[in-house]
Amino acid sequence: MLEWSYNGVNFSLKGNGGSDCVNYLSPTSIIVETIFIVIYTLAAEIYYPWRRSVSNYKPNLELRERFGRKLLLASLCLIWGIEIGYKLSTRQLIFILNPCHVVTFLQIILLISPPRNWMHILFRLQTYAVSGATIAIIFPVLNTRMLPFEKASYYIHHALMLVTPLYLMRLGGIYNMEPLSNFHWGFLSIGFMRLYHYIILQPISFITEVNLNSIMCPAVSDPFEGPWYRIAAHIHQTLFILLHGKIYCIIGQKFFVPKQTEIKTENTKKKNLIDANGNNIEENDLKGDCCFNSEKLLNGSSFLKED
């Protein structure tokens, strides 16, 4: 019934799919690996981090409103719409299931929605997940892109994905990261991505013979090509995603996190730090072993409009 969404996929291109790709790994290794990975992920990367960090975190809903938010939203929607248009015209819409497109959809939700309690979870998870965009730029798969501007669209799309988390950090409030020493959110994001690959992408790939995000056989640019390429991916992607997320955390703290509100009194001309309720706070109170955390600074639940 949905053959129209993938019957334009060219299986003669290496890494795109087809019977050779389906048979790249033995059925026994696929079944054993899937069972082990799913059980491990649910226990160690979903349940434990959720109990330790997510269930105990109470976000503040204070948020700065900026014009750039609408501009970034429009740009992201435009380039994503172009990407969907390419896939519709080539009858390859199935590739919209690849993680980068799913993360783009989540970023659009973050940009378009008012603050909600669950959005800080979505923000932190996608901040780790955008490491896939960096991988896509470093090891691009362009042998399937033949239409005009299609290769340029590939790079623009992934670049906007990398910009979005940093810009959201600039808005403050719910868009903040955990302490540098806390790896629970990183493993949680990795866990959800593992489950998405094994429970959703893998069955669809074997049914359609389309190699979604290299789940059946390695991509043409994969340096770890071989029968153990998926195990290698688990190792290097776990390390890379955690490192990538913490680098984002450090960059966000240094260049993008909104500074404390400063006011000058008419009598002393002294700059004071104030919280969202107008109360003076000491600078030492804001220091801590964290990448950045705005709970001490913002306690309200409405948008702040910048002058």
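Everything numeric here is computed off the predicted structure, so don't read it as measured data.

Rules used throughout
Sequence order as written defines residue numbering, which begins from 1 separately in each chain. Residue-level local features of this predicted model are given only where pLDDT is at least 70; pairs of side-chain atoms are given and counted only at 80 or more, and the full residue set underlies all totals for whole chains, interfaces and linings. Water and hydrogen atoms play no part in the side-chain values, which are based on all heavy atoms of the structure. By the criteria applied, helices consist of DSSP H or I runs no shorter than four residues and strands consist of E runs no shorter than two, each listed in order from the N terminus. For every residue, the accessible area obtained with a 1.4 Å probe (protein chains only) is divided by the maximum for its type, and the residue is called buried under 20%, exposed over 50%, and partly exposed between those limits. Here, residues are in contact when the closest pair of their heavy atoms is within 4.5 Å. All accessibility values rest on the Shrake-Rupley procedure with a 1.4 Å probe; residue burial counts only the protein chains present in the view. In predicted models, pLDDT denotes the confidence assigned by the predictor to each residue on a 0 to 100 scale. One less than the residue count of a helix, multiplied by 1.5 Å, gives the span that helix is expected to have. One fitted axis covers the seven residues ending at a residue, a second covers the seven starting there, and the bend at that residue is the angle between these axes. Helix axes are fitted to C-alpha atoms over the stretch in contact, other axes to C-alpha atoms as well, and angles between N-to-C directions run from 0 to 180 degrees. Here is the rule for angles: anything less than 35 degrees is roughly parallel, anything more than 145 is roughly antiparallel, 65 through 115 is roughly perpendicular, and the remaining ranges are oblique. Residues are grouped as follows: nonpolar covers Ala, Val, Leu, Ile, Met, Phe, Trp, Tyr, Cys and Pro; charged covers Asp, Glu, Lys and Arg; every other residue, Gly included, is treated as polar. Note on disulfides: each one is a pair of cysteine sulfur atoms within 2.5 Å. Throughout, nonpolar core names a set of buried Ala, Val, Leu, Ile, Met, Phe, Trp, Tyr and Cys residues whose side chains join them through atoms within 4.5 Å. Polar contacts, as used here, are pairs of N or O atoms within 3.5 Å; protein pairs need one atom able to donate a hydrogen and one able to accept it. Residues neighboring in sequence count only if both atoms are side-chain atoms.

Caption draft 1: Highlighting the overall build of the protein. Across its full length, the protein holds nine helices and four strands. N-terminal to C-terminal, the α/β element order of the protein is α-α-β-α-α-α-α-α-α-α-β-β-β. Counting only residues that meet the buried cut, the protein has 47% of its 307 residues in that class. For the protein, restricting intrachain contacts to residue pairs at least 6 apart in sequence, the fraction spanning at least 24 positions comes to 77%. Counting every atom, the protein has about 16,000 Å² of accessible surface; 65% of that belongs to carbon and sulfur.

Caption draft 2: A look at helix 6 (residues 131-138). Among the residues of helix 6, those classed as buried are Ser131, Ala133, Thr134 and Ala136. Those residues of helix 6 that are buried lie in contact with helix 4 (99-112), helix 5 (119-129), helix 7 (150-171) and helix 9 (229-256).

Caption draft 3: Region of interest: the confidence of the model for the protein. Counting all residues, the mean pLDDT for the protein is 83, and 80% of those residues have values of 70 or more. Contacts from residues 274-280, a stretch scored under 50 in pLDDT, to residues over four places away or in other chains number 18 contacts. Counted against residues more than four places away or in other chains, residues 294-307, with its pLDDT under 50, gives 44 contacts.

Caption draft 4: Seen up close, helix 7. Between its first and last C-alpha, helix 7 extends 32 Å over 22 residues, near the 32 Å set by a 1.5 Å rise per residue. At Thr164, helix 7 is deflected by roughly 25°, the largest bend along its length, and proline Pro165 occurs up to four residues later in sequence. Looking one or two places after helix 7, you find Gly172, whose phi comes out positive at around 75°.

Caption draft 5: Expanded view of the packing of helix 2 (residues 27-52) against helix 9. Packing of helix 2 against helix 9 leaves a shortest axis separation of 11 Å and a crossing angle of 20°. In terms of orientation, helix 2 and helix 9 fall into the roughly parallel class. Between helix 2 and helix 9, the contacting residues are Ile30, Glu33, Thr34 and Ile37 on the first element and Arg230, Ile231 and His234 on the second. Across the contact of helix 2 with helix 9, the residue classes break down as three nonpolar, two polar and two charged.

Caption draft 6: Inspection of the state of the cysteines at higher detail. As enumerated under the stated definition, the model contains one disulfide in all. Two residues, Cys21 and Cys217, share a disulfide whose sulfurs are 2.0 Å apart. Handedness here is read from the sign of the S-S torsion; for Cys21 and Cys217, about -95°, the answer is left-handed. Placement of the pair is Cys21 in helix 1 (residues 19-22) and Cys217 in the loop between helix 8 (184-208) and helix 9, with a sequence separation of 196 residues. Cys217 carries the same exposure label as Cys21, and that label is buried.

Caption draft 7: Region of interest: the nonpolar core. Core analysis: the largest hydrophobic core is formed by 43 residues, its most contacted members being Leu110, Phe123, Leu168 and Tyr175. Elements that contribute at least two residues to this core include exactly helix 2, helix 3 (67-89), helix 4, helix 5, helix 7, helix 8 and helix 9. Considering each element in turn, this core owes the most residues, eight residues, to helix 7. The next biggest cluster of nonpolar side chains, apart from the first, holds seven residues, and it includes Val9, Phe95, Leu201 and Leu212.

Caption draft 8: Layout of the packing of helix 5 against helix 8. Orientation of helix 5 relative to helix 8, taken along the N-to-C sense of each, is 75°, at an axis distance of 9 Å. Taken together, helix 5 and helix 8 sit at an angle that is classed as roughly perpendicular. Contact residues: helix 5 offers His120, Ile121, Arg124, Leu125, Tyr128 and Ala129, while helix 8 offers Trp185, Gly186, Leu188, Ser189, Phe192 and Met193. Of the residues assigned to the contact of helix 5 with helix 8, the class counts are eight nonpolar, three polar and one charged.

Caption draft 9: Spatial organisation of unusual backbone geometry. Positioned with a positive phi, Phe149 is a non-glycine residue whose angle comes to about 70°. Inspection of the secondary structure puts Phe149 in the loop between helix 6 and helix 7. Although it is not a glycine, Asn213 adopts a positive phi angle of roughly 50°. Structurally, the position occupied by Asn213 is in the loop between helix 8 and helix 9. The class for Asn213 is partly exposed, based on a relative accessible area of 36%.

Caption draft 10: Structural detail: the side chain of Thr127. Its place among the elements puts Thr127 in helix 5. At 2.7 Å, the side chain of Thr127 and the backbone oxygen of Phe123 are in polar contact. Among the polar contacts made by the side chain of Thr127, one reaches the side chain of Gln126 at a distance of 3.1 Å. With sequence-adjacent residues up to four places away left out, Thr127 is seen in contact with Pro165, Met169, Met177 and Tyr248.

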